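# What the coordinates show
Given next are the chains, with one letter for each unit.
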Amino acid sequence: MNIPLILGIETSCDDTGAAILRGNKVLSNVTSVQLIHEKHGGVVPELAGRAHMENISEVVQSATQQAKVALEEIDAIAFTQGPGLQVSLVVGASFAKGLAMALGKPLIAVNHMKAHILSHFIEEEGMKAPSFPFLCLTVSGGHTQLVVVRSPLSMEIIGKTIDDAAGEAFDKTAKMLGFPYPGGPYIDLHAKNGNPKAFSFAKPKIDELDFSFSGFKTSVLYMLKKNKDNHVTFIEDNLPDLCASIQEGITEILLEKLKKAQLLTGIKELALSGGVSINSGLRHKIRNWVDENPGLNAYFTPGKYCSDNAAMIAMAGQLMYREGVISNQSVAANARLPW
Ligand code: KG4
Ligand code: ZN
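These numbers come from a predicted model, not from an experiment.

## Observations regarding the site of ligand 1
- As a matter of local geometry, ligand 1 sits amid 19 residues, with Gly-141, Asp-171, Asp-188, Gly-275 and Asn-279 nearest to it.
- The separation between an oxygen atom of ligand 1 and a polar side-chain atom of His-116 is 3.4 Å.
- Here a nitrogen atom of ligand 1 and a side-chain polar atom of Asp-188 are 2.9 Å apart.
- Computed on the free molecule, ligand 1 has an accessible area of 560 Å², of which 88% lies beneath the protein chains in the complex.
- Taken atom by atom, the bulk of ligand 1 overlaps the largest pocket.
- Taken together, the elements giving at least two residues each to the shell around ligand 1 come down to helix H3 (112-118), helix H4 (166-176) and helix H5 (184-191).

## Considering the coordination of the zinc ion (ligand 2)
- Donor atoms from the polypeptide that coordinate the zinc ion (ligand 2) comprise His-112 (NE2), His-116 (NE2) and Asp-308 (OD), at 2.0 to 2.1 Å from the metal.
- For the zinc ion (ligand 2), the 4 donor atoms in the first shell make angles of 95 to 141° at the metal, so the coordination geometry reads as irregular.
- Coordination of the zinc ion (ligand 2) draws on donor residues from a single chain, spaced H-x3-H-x191-D in sequence. Of this pair, His-112 sits in helix H3 while Asp-308 is found in the loop between helix H9 (303-306) and helix H10 (310-322), placing the two residues 196 residues apart along the sequence. Asp-308 shares its class with His-112; the two are buried.

## Quick notes on the packing of H4 against helix H6 (residues 214-226)
- Across the interface, H4 lies against H6 with an axial gap of 10 Å and an inter-helix angle of 10°. Judged on the interaxial angle alone, H6 and H4 are roughly parallel. Residues Lys-172, Thr-173 and Met-176 of H4 lie in contact with H6, whose contacting residues are Phe-216, Lys-217, Val-220, Leu-221 and Leu-224.
- A class-by-class count of the residues in the contact of H4 with H6 yields 5 nonpolar, 1 polar and 2 charged.

Rules used in this analysis
Residues numbered from 1 in each chain as written. Chains lettered and ligands numbered in written order. Predicted model: local features only at pLDDT ≥ 70, side-chain atom pairs only at ≥ 80, totals over all residues. Heavy atoms only, no water. Near = heavy atom within 4 Å. Polar contact = N/O pair within 3.5 Å; in protein donor to acceptor, adjacent residues only side chain to side chain. Areas by Shrake-Rupley, 256 points an atom, 1.4 Å probe, with all protein chains shown as cover. 1 Å grid on protein atoms, 1.4 Å probe; cavity = no way out; pocket = protein on both sides within 12 Å on 5 of 7 lines; lining within 4 Å. Sits in = over half its atoms within 2 Å of the grid points. Helix = DSSP H or I, 4+ residues; strand = E, 2+ residues; numbered from the N terminus. Donors = N, O, S within 2.8 Å, 3.2 Å for Na, K, Ca; no water. Tetrahedral: all angles 85-135°; square planar, octahedral: opposite > 155°, others 65-115°. Buried < 20%, exposed > 50% of the residue type's maximum accessible area, 1.4 Å probe, protein only. Axes fitted to C-alpha atoms, helices over the stretch in contact; angles between N-to-C directions. Parallel < 35°, antiparallel > 145°, perpendicular 65-115°, else oblique. Contact = heavy atoms within 4.5 Å. Nonpolar A, V, L, I, M, F, W, Y, C, P; charged D, E, K, R; others polar.

In short, shape yes, function no, at least from these values alone.
Put into structure tokens, the structure is as follows:
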């Protein structure tokens with residue numbers, strides 16, 4: 001039997017991506033990162049949409065060239081249907097639909113958040129997939145979710161954020177410290193030289209498995225305001241400690257809920273996905289917890305499959321294709337795509 005070749009296209013936010021997978025193996029994974037948003041302190045939708053339009057043909061072409069595959073050989077085209085920014089999603093969806101029509105190939109509409117989870121099935125040296133059922137903590141710039149994954153097509157959200165996502169908590173507090181967007185990686189970098197117990201910030205008091213970061217964010221802001229007169233010097237003098245303490249606060253909120261969900265479900269296979277799952281403090285905390293609890297297993301993916309990428313879209317496409325889940329040409333980009 002032929003191993004299917006899937007082209008994946010990702011344009012949910014500010015990165016234009018195309019990847020080709022043969023089975024679970026990545027033949028190419030191309031991402032064009034839009035740096036224009038850095039100076040605006042966040043993603044500007046119109047600029048993102050325009051940049052996707054400018055880049056998409058070239059990105060798909062690079063993916064086929066690097067994979068040494070002709071478009072005609074592709075078995076199906078998977079694309080991000082949502083959730084994300086509508087102006088960005090529309091570009092990828094239109095491109096995928098046009099290509100599928102021109103080539104006479106099946107089209108597969110992929111949920112971006114489910115693809116983050118399914119990135120764990122990419123086969124690569126050093127990567128091991130969790131067994132079903134597993135519990136996945138998905139932490140990105142727009143979402144924070146605890147998901148029970150029973151099979152590639154059966155996933156249940158058991159906890160989510162009621163306000164900001166974990167990535168937003170990193171990015172918004174990083175902005176208060178003067179870092180460009182997205183600030184999460186800067187906090188991680190500077191936290192390495194700081195004391196995580198130097199400052200303490202508010203923790204949410206929610207009993208359920210849901211997350212909240214707005215109180216935490218406000219308490220960081222108040223603390224900086226309290227030192228308003230010497231605001232800049234205060235930040236300059238305490239930057240590593242501030243970063244380490246912010247990282248400690250956010251990752252502690254995440255770990256606490258993951259622990260709670262593990263206890264409630266009894267699931268011992270624990271996976272992490274999404275851009276924030278690159279965070280070294282979060283990985284360290286989860287590794288320590290798992291090491292102290294024999295029987296628990298934690299799974300992380302390499303950084304290139306944590307942040308937005310098209311390989312995870314092609315991976316989700318592969319798993320859907322195997323199950324015969326195909327979309328028709330009337331499928332549309334949907335910024336608020338339901339689970
Ligand atoms: O999954 P992703 O690439 O895009 C979305 O779907 O949102 O996640 C982006 C988020 C941003 O908020 C970014 O600041 C955060 O991931 N991030 C990090 C780190 N690297 C990326 N947050 C904390 N520490 C990091 N090392
Ligand atoms: Zn994402």
